Amino acid sequence: MRAIVLLFGLFCALPALAQQAADAVAPEGAGVGVLSVPPMLADSAEAKANGRPVEAGNWMIAAAHPLAVEAGARVLASGGTAADAMVAVQAVLGLVEPQSSGLGGGAFLVWHDGASGEITTLDGRETAPLAATPRLFQDEGGQPLQFFDAVVGGLSVGTPGTPALMAEAHGRWGRAGWPGLFADAIRLAEEGFAVSPRLAGQIAEDATHLSRFADTRDYFLPGGKPLQSGQILRNPDYADTLRRLAEEGVDVFYTGDIAADIVAHVQTAPGNPGVLSEMDLAIYQVKERAAVCTPYRGHEVCGMGPPSSGATTVGQILGLLEPFDLPALGPDSPEAWRLIGDASRLAFADRGRYLADSDYVPVPLKGLLAPNYLRARSELLRGDDALPEVAPGDPEFDHALIRADDRSLELPSTSHISIADTYGNALSMTTTIENGFGSRLMVRGVLLNNELTDFSFVSHEDGHAIANRVEPGKRPRSSMAPTILRRDGQPVLILGSPGGSRIIGYVAKTIIAWVDWGMDAQEAVALPHLVNRFGPYDLEAGAGGLANPLRALGYEVKETDLTSGLHVIAVGERLQGGADPRREGLAYGE
Ligand code: GLY
């Protein structure tokens, strides 16, 4: 242990590595320009560009930006655990991919412990302020607000959970000294980093919202002009915040001057003030939840239970598909996608009716995943065509439930980190500030989340309450699905993705591609997406050949961009990493 601490001291004292572009990658849909990749990751970038997985023997990391991967890799190479590496990765992501996740947001973490074999899930989801009511996102007449009227400003800001989650994971499973884990992020924030094509593209697209608040506008649109790809960006305020966190510990974020500053920004946001208070920050807690693990063809699919709908809905989809011979049908078969599409619609119907923060509303979790319930629901898939109608089922439960269906809008956002370390630990963490750039409020170099808009704006329908309505202290329902597949108690696949409620489809598809269709980690990630949530079938370019056959089966088909950000590690004799070609992330291992 002492050797590891010393190693970390040395590592922190090293001069900054040059950030020259060793390779240039312009991922599809990432925006205009080229992405700078540190020399260490040149082979990873080449593998991804050629559709090959990255292989390694000891440890591996896959995350959304090369500089974050590099920071995590250095921690792992120096003897750090997956939890240590996650802290370094998250700190850098908050700088270089600020639109997706950061200290101002929330996250869910799934951990397989190499020593004990236990699975633990940690909930670092944001909470609704104590002063919030079910009518938070309604106008005076009780009508739901327009989505972006609610998002941009203070009203949507929940109590951030990510800093507390980083500290909790490090406290439980870390070996490296906490302060050193912030060294790369602090250095990059002070010296600057090259704005990536994807970040530049998103700033340009969001210029109107980003210009609403002076601090945010001055950072992302200096002199009124959106930052360009390749431009060097410094964030000294973020460096100061990180230094405080590194030196004084995580409480510095939840009490004292930083907390007061966050609250002041939220409560005085021009045009759209929120109700977050210092008390909300002071009482915030990470919660350990029971992992939701469901069987699939000899594997255990483990993930995050409520307030996330991720593992439950992925588990239902796979459970509904288990009776069908997907391996024989293969990925080009319209019949396979009819089964997957309608299994997903059935699972989404249950999700809309039943899933929310189980600390506040009774959730029939056991009934929703019970083998006899799934077997009966899967009989609905025995026809030849798309189901004409899909309704929630009636899972066994010891509460009388009369609920209306959820009506929350979830737009793509978020980031995913997968890590396997040299101690046999596996970490899967999906992390978010919700919409791109969150609430657009920026405090001390940190963007604040708009996670509260993951609640249903409508609180009741026909006198029946909606499970995912706003309530004080409650955590909004999420679709984030950080997942670890295990076989014989050992992790075999670590995965997750951003993408709003499409996350569930991206994760289920990747598991099917790997388990049923024998694809490697990179092939499974790259396989074109077909996602069905509420009826229409979303198809991405590349899956176009299936559009007409699916129309003939009765689906409304929409061809669209499906910008997942899957990061996958397959664990076998060796480790194999896959990074989503639709975004800028990489996998790297040694
Ligand atoms: N805000 C994205 C999610 O939690 O699903």
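Residues numbered from 1 in each chain as written. Predicted model: local features only at pLDDT ≥ 70, side-chain atom pairs only at ≥ 80, totals over all residues. Heavy atoms only, no water.

Looking at an unreviewed UniProt entry, one finds the chain named Glutathione hydrolase proenzyme and attributed to Roseovarius azorensis. UniProt lists a comment for the chain under the heading Sequence similarities (unreviewed entry), and it reads "Belongs to the gamma-glutamyltransferase family." Under the UniProt heading Subunit (unreviewed entry), the note attached to the chain is "This enzyme consists of two polypeptide chains, which are synthesized in precursor form from a single polypeptide." (UniProt positions renumbered as here; feature names shortened; annotations may be inferred.)

**Student:** Before we move on, could you go through the overall build of the chain and cite the residues and values that matter?
**Tutor:** Looking only at helices and strands, the chain has 22 helices and 25 strands in total. For 590 residues, the compact-globule estimate of 2.2 N^0.38 gives 25 Å, and the chain sits close to it at 22 Å. Seen along its three principal axes, the alpha-carbon backbone of the chain occupies a region of about 65 × 60 × 45 Å. Sorting the 590 residues of the chain into buried and exposed places 63% on the buried side. Entry remark: accessible area of the chain is about 20200 Å², with carbon and sulfur atoms responsible for 50%. (Helix = DSSP H or I, 4+ residues; strand = E, 2+ residues; numbered from the N terminus. Rg over C-alpha atoms; globule rule 2.2 N^0.38 Å. Buried < 20%, exposed > 50% of the residue type's maximum accessible area, 1.4 Å probe, protein only. Areas by Shrake-Rupley, 256 points an atom, 1.4 Å probe, with all protein chains shown as cover.)

**Student:** If you had to explain the packing of aromatic side chains to someone new, which residues and values would you point to?
**Tutor:** This structure, assessed with the given rule, holds 13 aromatic pairs. Here the aromatic rings of Trp178 and Phe182 are separated by 4.9 Å at their centres, their planes lie at 75 degrees, and the arrangement is edge-to-face. According to the relative accessible area criterion, Trp178 is buried, its value standing at 13%. With a centroid separation of 4.8 Å and 80 degrees between ring planes, the pair formed by Tyr219 and Phe220 is classed as edge-to-face. Here the two residues Tyr219 and Phe220 agree in accessibility, since each one is buried. Taken together through their ring pairs, the aromatic side chains of Phe137, Phe147, Phe148 and Phe457 make up a single cluster. Cation over ring: Arg175 sits above Tyr423, and NZ or CZ is 3.9 Å from the ring centre. (Phe/Tyr/Trp six-rings, centres within 6.5 Å; stacked < 30°, edge-to-face > 60°. Lys NZ or Arg CZ within 6 Å of the ring centre and 35° of its normal.)

**Student:** How would you sum up the sheet that holds strand β9 (residues 287-289)? Please name residues and give values.
**Tutor:** Taken in spatial order, the seven strands of this open sheet run β9-β6-β5-β13-β12-β4-β25, and their pairing is antiparallel. Pairing within the sheet leaves two strands with one partner each, and these edge strands are β9 and β25 (586-589). Adjacent strand axes in the sheet meet at a mean angle of 15 degrees, parallel and antiparallel pairs treated alike. With six bridges connecting them, strand β12 (residues 415-420) and strand β13 (residues 426-432) associate as antiparallel partners. Bridge pairing in β13 places Ile417 opposite Met429. Packing of helix α6 (residues 162-173) onto the sheet brings it into contact with β5 (106-112), β6 (119-124), β9 and β13, and relative to β6 it is tilted by some 155 degrees. (Pairing = 2+ DSSP bridges. Axes fitted to C-alpha atoms, helices over the stretch in contact; angles between N-to-C directions. Contact = heavy atoms within 4.5 Å.)

**Student:** A description of the pattern of salt bridges should follow, citing residues and the corresponding values.
**Tutor:** By the definition in use, this model includes 35 salt bridges. One salt bridge connects Asp206 with Arg440, and the closest N-O pair in it is separated by 2.7 Å. Separated by 234 residues along the polypeptide, Asp206 in the loop between α8 (197-205) and α9 (207-210) and Arg440 in the loop between β13 and β14 (442-443) bring together distant segments of the chain. The exposure classification of Asp206 matches that of Arg440, with both residues buried. The salt bridge partner of Asp359 is Arg289, with a shortest N-O separation of 2.9 Å. Linking Asp359 in the loop between α17 (334-354) and α18 (365-369) with Arg289 in strand β9, this pair joins segments that are 70 residues apart in sequence. Look at Asp359 and you get partly exposed, because its relative accessible area is 39%. (Salt bridge = Lys/Arg side-chain N within 4 Å of Asp/Glu carboxyl O.)

**Student:** An account of the sheet that holds strand β20 (residues 530-532) is requested, with residue identities and associated values reported.
**Tutor:** Pairing within the open sheet is mixed, and its three strands lie in the order β20-β21-β22. Here the strands that pair on one side only, and so sit at the sheet edges, are β20 and β22 (557-559). Averaged over neighbouring strand pairs, the angle between their axes works out to 25 degrees when direction is ignored. With three bridges connecting them, strand β21 (residues 537-539) and β22 associate as parallel partners. Across the sheet, Tyr537 pairs through a bridge with Val557, a residue of β22.

**Student:** Which residues make up the environment of Trp111, and what are the values?
**Tutor:** By the element assignment, Trp111 lies in strand β5. It is 39 Å that separates the C-alpha atoms of Trp111 and Leu221, two residues lying 110 residues apart in sequence. A polar side-chain atom of Trp111 sits 3.0 Å from a polar atom in the side chain of Asp113. (Polar contact = N/O pair within 3.5 Å; in protein donor to acceptor, adjacent residues only side chain to side chain.)

**Student:** Tell me about the site of the ligand, and please be specific about residues and values.
**Tutor:** The local shell around the ligand holds 10 residues, among which Glu434, Glu451, Asp454, Ser478 and Ser479 are the closest. Glu451 places a side-chain nitrogen or oxygen 2.7 Å from a nitrogen atom of the ligand. Considered on its own, the ligand offers 200 Å² of accessible surface; in the complex 100% of this is hidden by protein. Of the residues in the shell around the ligand, the class split is one nonpolar, four polar and five charged. (Near = heavy atom within 4 Å. Nonpolar A, V, L, I, M, F, W, Y, C, P; charged D, E, K, R; others polar.)

**Student:** Got a sec to walk through the nonpolar core? Specific residues and values, please.
**Tutor:** Formed by 105 residues in total, the largest nonpolar core has its most connected members in Leu109, Phe182 and Phe220. It is helix α4 (residues 82-96) that contributes the most residues to this core, 12 residues altogether. Filtering out sequence-adjacent residues up to four positions away, Phe220 remains in contact with Pro98, Leu199, Ile203, Leu210, Lys225, Pro226, Leu227, Phe437, Met442 and Leu447. Listed in part, the 69 residues of the second largest apolar core include Leu339, Leu381, Ala467 and Leu539. (Core = buried A, V, L, I, M, F, W, Y, C linked by side-chain atoms within 4.5 Å.)

**Student:** Please give an account of helix α19 (residues 371-378) that cites residues and values.
**Tutor:** Along α19, the positions that sit buried rather than exposed are Tyr373, Leu374, Arg377 and Ser378. Mapping the buried residues of α19 onto a view down its axis gives an arc of 130 degrees, with all of them on the same face. Away from the buried face of α19 by more than 90 degrees, exposed residues Pro371, Arg375 and Ala376 are located. (Arc of directions from axis to C-beta.)

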